[in-house]
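Summary of structural features
What follows is each chain in one-letter form.
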Amino acid sequence: MEHQFYIITLIVTGVLNMLIGLFLLKGNKRYREQKNYYRARILTVVWMFAFGIGYVLHAIFHWRYSWPTAASALTATYFHIGALCFSWGYTPLLNSTYLTKKIMVRDIIMLVVGLIAYWTVPFLRIYSPFYTMFSYLFFFIYALIVAYAFYSNFNRVSYRRIKIGAGSIGGFIQWLQVCCDLIVLFGIGSVAITAAFHTEVIPFCLLLIAGFGMFAYIAYSIDKYGPVITKSESDPMKIVK
């Protein structure tokens, strides 16, 4: 029964995540002139599909039962992709000068090195919570770098908005803070739980359900604030200067 619940949850949440991605793709064309916001929507789609495909692969191969370290490596892979998409898509909404070539090269290098670290463990051991957690340190470091960059830019925007009284994008800024809080807690917490409970499926199922709720909220919110960002030239930093 537990196994069936696990597989059904994976398939349902995986498909739903990909449907969220398709929902965001539907209205993308109207925002092509808003470079930062358009990029954020596209990267959110990539993010949703990465998680959706990852869930389906878990359901197909059953690695959590037969090859726990591979299951953990797969989980770390789509979480790292999600962190990169957040870094490139959401922080530039606060600061249009953030996403430089240097940042992009840094993030790509960290992704490649991270993938090597995550997937080396499965080819050395079938079950190894210690080595899995050790390889996850790379993800935690990257997640902290991304979170620090976001909050640094967020604090600058919030301070200037309060100081000058630019209230037109207040809702958008508050939404970004909520999103980041949820993403940081969910991302770091989920990877830590996955590493700690290699073969436990119930905690993983609960994370899948909670994750879908969070992703749905993010997709709804970024779509809702599209017109607000468009009016604000997609750069809160410019407006509050």
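The present account deals with the structure reproduced in this document. (Residues numbered from 1 in each chain as written. Predicted model: local features only at pLDDT ≥ 70, side-chain atom pairs only at ≥ 80, totals over all residues. Heavy atoms only, no water.)

1. Structural notes on the packing of aromatic side chains
The final tally for this structure, using the stated rule, is 24 aromatic pairs. Relative to W63, the ring of F61 lies with its centre 5.0 Å away and its plane at 15 degrees, an arrangement referred to as stacked. Overall, F61 belongs to the partly exposed group, its relative accessible area being 42%. Centre to centre, the rings of F79 and F139 are 6.4 Å apart; their planes meet at 75 degrees, and the pair counts as edge-to-face. Placement of F79 in helix α4 (residues 68–89) and of F139 in helix α7 (residues 129–164) is noted, with a sequence separation of 60 residues between them. Each member of the pair F79 and F139 is classed as buried. The side chain of R64 reaches across the aromatic face of F204, ending 4.1 Å from its centre. (Phe/Tyr/Trp six-rings, centres within 6.5 Å; stacked < 30°, edge-to-face > 60°. Buried < 20%, exposed > 50% of the residue type's maximum accessible area, 1.4 Å probe, protein only. Helix = DSSP H or I, 4+ residues; strand = E, 2+ residues; numbered from the N terminus. Lys NZ or Arg CZ within 6 Å of the ring centre and 35° of its normal.)

2. Observations concerning unusual backbone geometry
Phi is positive for H62, close to 55 degrees, though the residue is something other than glycine. Tracing the backbone shows H62 in the loop between α2 (35–61) and α3 (63–66). Judged by its relative accessible area of 28%, H62 is partly exposed.

3. Things to note about the pattern of salt bridges
Tallied over the entire structure, the rule returns two salt bridges. With its nearest N and O atoms 3.1 Å apart, the salt bridge here joins R41 to D223. Here R41 is found in helix α2, whereas its partner D223 is found in helix α9 (residues 202–224), with 182 residues between them in sequence. The salt bridge partner of D107 is R106, with a shortest N-O separation of 2.7 Å. The exposure class assigned to D107 is buried, which follows from its relative accessible area of 0%. Assessed through its relative accessible area of 26%, R106 is described here as partly exposed. (Salt bridge = Lys/Arg side-chain N within 4 Å of Asp/Glu carboxyl O.)

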